[in-house]
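Descriptive structure summary
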Amino acid sequence: MSGTPALFVERLVKRYPVVRGFRELALRPFDRRSVTALDGLDLEVGRGRVFCLLGPNGAGKTTLLKILATLVLPDGGRALVEGHDVAREPGRAKAAAGFAVGDERSFYWRLTGRQNLEFFAALYGLRGGDRDRRVSELLRLAGLDEAADLRFNGYSTGMRQMLAFARALLADAAILLVDEPTRSLDPQAADRIRSFLRSELAGRQGKTVLWATHDLGEAADCADDIAVIDRGRIRLSGPAASLAGGGRAALRRAYEQAVGNPVVADPAEAAGLEACDPVVADKSGGTP
Amino acid sequence: MGSGAAVPAAFLRRDLREALTYKFSFVSSIIGIFLSSATFYFVAKLVPSGTPSLGPFGGDYFSFAVVGVAFAGLLGMFQEGLASVVRSAQLSGTLEALLVTPLPVPAILFGSSLYSLLFQVFRTALHLGVALAFFGLSLGRINLPGVAAVGLLTVVCFLSVGVLSASFILVYKTGNPFSWVLGTVSGLLGGVVFPVALLPSWIRWVSSLLPVTYALDGMRKCLLASAPFSEVLPDVAALAAFDAILLPLSLVAFRLAVRKAKKDGTLSHY
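Residues numbered from 1 in each chain as written. Chains lettered and ligands numbered in written order. Predicted model: local features only at pLDDT ≥ 70, side-chain atom pairs only at ≥ 80, totals over all residues. Heavy atoms only, no water.

1. With respect to the layout of surface pockets
Where empty space is left can be seen by rolling a probe of water-molecule size over the atoms. Estimated volume of the largest pocket: approximately 690 Å³. Lining the largest pocket are 18 residues, with Pro17, Val18 and Val19 of chain A together with Lys260 and Asp264 of chain B positioned closest to its centre. Taken together, the residues of the lining of the largest pocket sort by class into eight nonpolar, three polar and seven charged. Approximately 560 Å³ is the volume attributed to the second largest pocket. In this structure, the second largest pocket is lined by 29 residues; those nearest its centre are Val105, Pro106, Phe254, Arg255 and Val258 of chain B. At the level of elements, helix 3 (90-96) of chain A together with helix 5 (105-134), helix 6 (144-172) and helix 10 (229-264) of chain B are the ones that each hand at least two residues to the lining of the second largest pocket. Looking at the lining of the second largest pocket element by element, the count peaks at eight residues for helix 10 of chain B. (1 Å grid on protein atoms, 1.4 Å probe; cavity = no way out; pocket = protein on both sides within 12 Å on 5 of 7 lines; lining within 4 Å. Points joined across faces, edges and corners; volume = space filled by probe spheres on them. Nonpolar A, V, L, I, M, F, W, Y, C, P; charged D, E, K, R; others polar. Helix = DSSP H or I, 4+ residues; strand = E, 2+ residues; numbered from the N terminus.)

Here it is in structure tokens:
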């Protein structure tokens with residue numbers, strides 16, 4: 001299994017049905033319309049790599065993560081987690097990857113951080129002393145040992161995010177899927193999360209991290225590999241050293257070129273930071 | 001604790017811990033049981049003992065009504081509990097976090113509703129206990145095999161309806177028709193607080209289509225009227241027929257609902 005990539009996605013397609021109103025249902029009851037979220041997406045993530053997935057809103061990042069976490073079924077193509085097909089072997093695929101559900105509503109607010117983790121640990125098959133040790137270890141790792149016995153509703157946004165990581169690590173899966181983990185965080189809390197993912201999980205524990213983000217600086221600083229996804233396809237992909245070797249400004253130019261949507265001038269770029277020459281993937285075949 | 005019991009225990013511990021943070025709700029629930037019993041105790045004084053329609057159930061209206069109300073609450077919870085935990089997890093946002101754990105979806109569903117179901121069993125027992133201790137509930141010679149048979153078949157039947165409801169909620173989120181049809185109609189036509197025999201004949205046939213009619217009829221005969229097993233056999237047969245249809249139907253519906261929600265990407269939407 002050592003030659004198998006941690007994540008392998010081939011020609012993955014996902015279309016969501018369009019919700020229709022009563023009038024349209026009455027006039028065209030058999031008409032089926034859909035929006036394409038993933039349009040034949042290919043991706044490969046090597047073991048022990050931090051892979052940042054960049055892309056505009058609605059590009060398909062969350063859909064990809066949810067398919068890998070077995071929460072959404074694909075309509076075509078295949079997605080393998082540690083070699084396990086998410087559609088055919090969802091149980092094994094789930095066991096191989098922890099999905100850090102970042103939504104703070106995904107916890108029980110009237111329970112403490114420890115009680116929340118104890119509950120989810122039982123669902124991951126941890127029992128008795130093993131469970132207690134694992135929960136304490138993860139609380140310490142997440143820097144929450146002092147707040148472990150406070151109710152979750154008293155946690156800050158950063159603490160809630162760290163608890164979400166702790167929960168995703170309960171099963172000690174080799175792969176971690178994270179969706180915009182630093183959204184809505186203050187700069188220091190965001191730095192702590194980046195450092196935790198990059199240094200602790202990937203660096204020290206050797207985990208593979210697939211990390212969806214909008215933050216180009218975050219990707220430039222933390223990723224081993226970067227891909228830009230737009231309209232359901234990978235538009236740009238490569239090692240961070242090549243794509244972001246010239247700094248955040250270079251990555252921004254490559255990103256804008258990849259998504260075909262130049263935006264306002266970047267202050268960093270205006271300051272004269274140097275760019276590199278990224279490889280832009282085939283841009284044909286976008287969805288209507 | 002064996003590994004098989006650890007997961008249900010974790011769900012129970014979670015819900016008990018949450019319930020204990022709402023200190024007054026338990027007390028108000030107990031007060032509600034006293035008030036309900038007292039209401040029927042005084043209403044019963046208007047109904048003369050020996051009313052013909054109460055004959056098959058021991059003849060006492062208070063006992064008839066208390067058993068009806070206590071068990072209807074229990075059946076309602078079996079019928080709606082699963083759907084309400086799915087809805088609650090959708091609304092609270094915990095469903096996605098539960099679904100990425102290795103537990104199969106049915107185990108999550110039953111685990112999440114376990115506390116509510118057991119608490120309702122406790123409430124039902126308490127309801128009967130309060131009526132017995134303070135308001136003179138008159139039990140007959142209890143037919144234990146009959147209670148067990150009617151109880152088991154009723155649980156399977158109402159849990160199947162519960163799974164159908166949960167399937168509907170997974171896909172359509174609200175507007176559960178099973179809850180409306182069986183909940184509302186059963187309250188009126190299922191013999192909860194008055195005997196079905198009092199209904200006009202043109203509508204009485206609807207009662208025969210409702211599982212609650214047989215569940216309450218059988219349970220009252222076993223608890224209140226010292227009826228032998230042969231007397232509750234028609235109720236047992238009717239409930240078994242409901243089970244034979246509803247159980248496989250609900251399991252297929254649930255599997256299809258999970259697949260559709262995963263296909264549509266709406267598993268955790270609300």
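Now that the structure has been shown, the text picks up again.
2. Quick word on the state of the cysteines
Residues and elements named next belong to chain B. Scanning all chains against the criterion turns up zero disulfides over all chains. Looking at Cys157, it has no disulfide partner, and the nearest cysteine sulfur is the one in Cys222, 16 Å off. Under the relative-accessibility criterion, Cys157 is labelled buried at 0%. (Disulfide = S-S within 2.5 Å. Buried < 20%, exposed > 50% of the residue type's maximum accessible area, 1.4 Å probe, protein only.)

3. Side note on the nonpolar core
Grouped together as the largest cluster of nonpolar side chains are 169 residues, with contacts concentrated most on Leu177 and Ile226 of chain A. With 16 residues, the single largest contributor to this core is helix 3 (residues 61-92) of chain B. When residues no more than four places from it in sequence are discounted, the contact partners of Leu177 of chain A are Leu7, Leu65, Leu68, Ala69, Ala97, Gly98, Phe99, Ala100 and Leu210 of chain A. (Core = buried A, V, L, I, M, F, W, Y, C linked by side-chain atoms within 4.5 Å. Contact = heavy atoms within 4.5 Å.)

4. Some words on the side chain of Ser37 of chain B
Structurally, Ser37 of chain B is set in helix 2 (residues 23-44). Not counting chain neighbours up to four residues away, the residues in contact with Ser37 of chain B comprise Phe62, His127, Val130, Ala131 and Phe135 of chain B.

5. Digging into the sheet that holds strand 2 (residues 34-45) of chain A
Residue and element names in this part refer to chain A. Taking strand neighbours across the sheet as the criterion, the four strands line up as 2-1-4-5 in an open arrangement whose pairing is antiparallel. Each edge of the open sheet carries a strand with a single partner, namely strand 2 and strand 5 (84-85). By the bridge criterion, five bridges tie strand 1 (residues 7-17) to strand 4 (residues 76-81) in an arrangement that is antiparallel. Each bridged residue has a counterpart across the sheet, and for Phe8 the counterpart in strand 4 is Leu80. (Pairing = 2+ DSSP bridges.)

6. Focus on the side chain of His127 of chain B
Of note, His127 of chain B is situated in helix 5. Apart from residues no more than four positions distant in its own chain, His127 of chain B is found in contact with Ile33, Ser36, Ser37, Val66, Val69 and Ala70 of chain B.

7. Brief notes about helix 10 of chain B
Given a rise of 1.5 Å per residue, 36 residues ought to cover 52 Å, and the 49 Å separating the end C-alpha atoms of helix 10 of chain B matches this to within 8%. Of all the bends in helix 10 of chain B, the largest measures some 30° and sits at Asp235 of chain B. (Expected span 1.5 Å × (residues − 1). Bend = angle between axes of the 7 residues up to and from the residue.)

8. Some words on the interface of chain B and chain A
It is common to report an interface's size as the accessible area lost on association of the parts. Chain B puts 32 residues into the contact, and the matching count from chain A is 32 residues. The junction of chain B with chain A conceals about 3000 Å² of combined surface from both sides, 58% of it contributed by carbon and sulfur atoms. Looking at the side of chain B facing chain A, the largest losses of area belong to Val100, Lys262 and Lys263 of chain B, adding up to 20% of the total buried there. For the pair chain B and chain A, the interface holds three salt bridges. Measuring nitrogen to oxygen at the nearest pair gives 2.8 Å for the salt bridge that ties Lys66 of chain A to Glu96 of chain B. Where chain B packs against chain A, one counts 13 residue pairs in polar contact (both at pLDDT 80 or more). Going through the elements one at a time, helix 1 (3-20), helix 3, helix 4 (95-99) and helix 10 of chain B are the ones with two or more residues in the side of chain B that touches chain A. A per-element tally of the side of chain B that touches chain A places helix 1 of chain B first, with nine residues. (Buried area = accessible area lost by both parts, 1.4 Å probe. Salt bridge = Lys/Arg side-chain N within 4 Å of Asp/Glu carboxyl O. Polar contact = N/O pair within 3.5 Å; in protein donor to acceptor, adjacent residues only side chain to side chain.)

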